[in-house]
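One-letter residues, chain by chain:
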Amino acid sequence: SLEDCVECPAGSFNGGEGQTICRDCDVGTARNSSGSSSCERCSIGYYQDSLGERSCLQCPGIRTTLYSGAISVDECICPAGTYAPLTSTYVCWPCP
């Protein structure tokens, strides 16, 4: 019934109609508004390594990800035509 409906806070979802328990968004996803039945995968160039978050984190510098839903900053890589020297954690240099 309508009285049983639960509006989940941002960073969580209820899994669909008839569900009364809110669950945290999984890693690799986020939800910035309340009342949702699902969380959205992080876009390419973003990641989320924590549960129950409102937004995804942007990869450092010009780094990006190969796909949506990345769960770690380690999935952020230098884009095509660039490389990361061993001594630099997040800087990408143009290929010679």
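Positions within a chain are numbered from 1, following the residues in the order the chain's sequence is written. The predicted nature of this model means local features are confined to residues of pLDDT at least 70 and side-chain atom pairs, given and counted, to a pLDDT of 80 or more, with totals for whole chains, interfaces and linings taken over all residues. Only hydrogens and water are set aside; all other atoms, that is, all heavy atoms of the structure, feed into the side-chain values.

Novice: An account of the pattern of salt bridges is needed here, citing residue identities and associated values.
Specialist: Whenever Lys or Arg places a side-chain nitrogen within 4 Å of a carboxyl oxygen from Asp or Glu, that contact is recorded as a salt bridge. Using the criterion set out here, one finds one salt bridge in the structure. Arg 31 is the salt-bridge partner of Glu 40, the closest N and O atoms lying 2.7 Å from each other. A relative accessible area of 15% means that Arg 31 is categorised as buried. Residue burial is assigned from relative accessible area. The probe radius is 1.4 Å, only protein chains are included, and a residue is buried under 20% of its type maximum, exposed over 50%, and partly exposed in between.

Novice: So, the environment of Gly 45: which residues are in play, and what are the values?
Specialist: Strands are runs of DSSP state E lasting at least 2 residues, helices are runs of H or I lasting at least 4, and numbering of each runs from the N terminus. With respect to the helices and strands, the residue Gly 45 is situated in the loop between β4 (40–41) and β5 (46–47). Look past the residues within four positions of Gly 45 in its chain and what remains in contact with it is Leu 57, Gln 58, Cys 59, Thr 64 and Thr 65. By definition in these notes, contact holds between two residues if any of their heavy atoms fall within 4.5 Å.

Novice: Can you explain a negative patch on the surface? Please cite residues and give values.
Specialist: A patch is a set of surface residues, each over 30% in relative accessible area and not in a salt bridge, joined within 9 Å for like charges and within 5 Å for the nonpolar side chains Val, Leu, Ile, Met, Phe, Trp and Tyr. Values of accessible area rely on a 1.4 Å probe in the Shrake-Rupley scheme; residue burial ignores everything except the protein chains shown. Charge convention: Lys and Arg are scored as positive, Asp and Glu as negative, and His as well as the terminal groups of each chain are ignored. Just so you know, the charge point we use is NZ for Lys, CZ for Arg, CG for Asp and CD for Glu. A cluster of like negative charges, contributed by Asp 24, Asp 26, Asp 49 and Glu 53, occupies part of the molecular surface. You can see Asp 26 is positioned in the loop between β2 (23–24) and β3 (29–30).

Novice: An account of the state of the cysteines is requested, with residue identities and associated values reported.
Specialist: In a disulfide, the sulfur atoms of two cysteines are covalently bonded to one another. Criterion for a disulfide: a pair of cysteine sulfur atoms at a distance within 2.5 Å. Considering all chains together, one arrives at five disulfides under this definition. For Cys 25, the disulfide goes to Cys 39, at an S-S distance of 1.9 Å. Between Cys 25 and Cys 39, the S-S dihedral sits near -75°, and the bridge is therefore left-handed. Note that Cys 25 is positioned in the loop between β2 and β3 and Cys 39 in the loop between β3 and β4, a separation of 14 residues in sequence. Taken as a pair, Cys 25 and Cys 39 share a single burial class, namely buried. The disulfide bridge from Cys 59 ends at Cys 76, spanning 2.1 Å between sulfur atoms. Across the disulfide from Cys 59 to Cys 76, rotation about the S-S bond amounts to roughly -70°, and the bridge is consequently left-handed. Of the two residues, Cys 59 sits in the loop between β6 (57–58) and β7 (82–83) while Cys 76 sits in the loop between β6 and β7, which places them 17 residues apart along the sequence.

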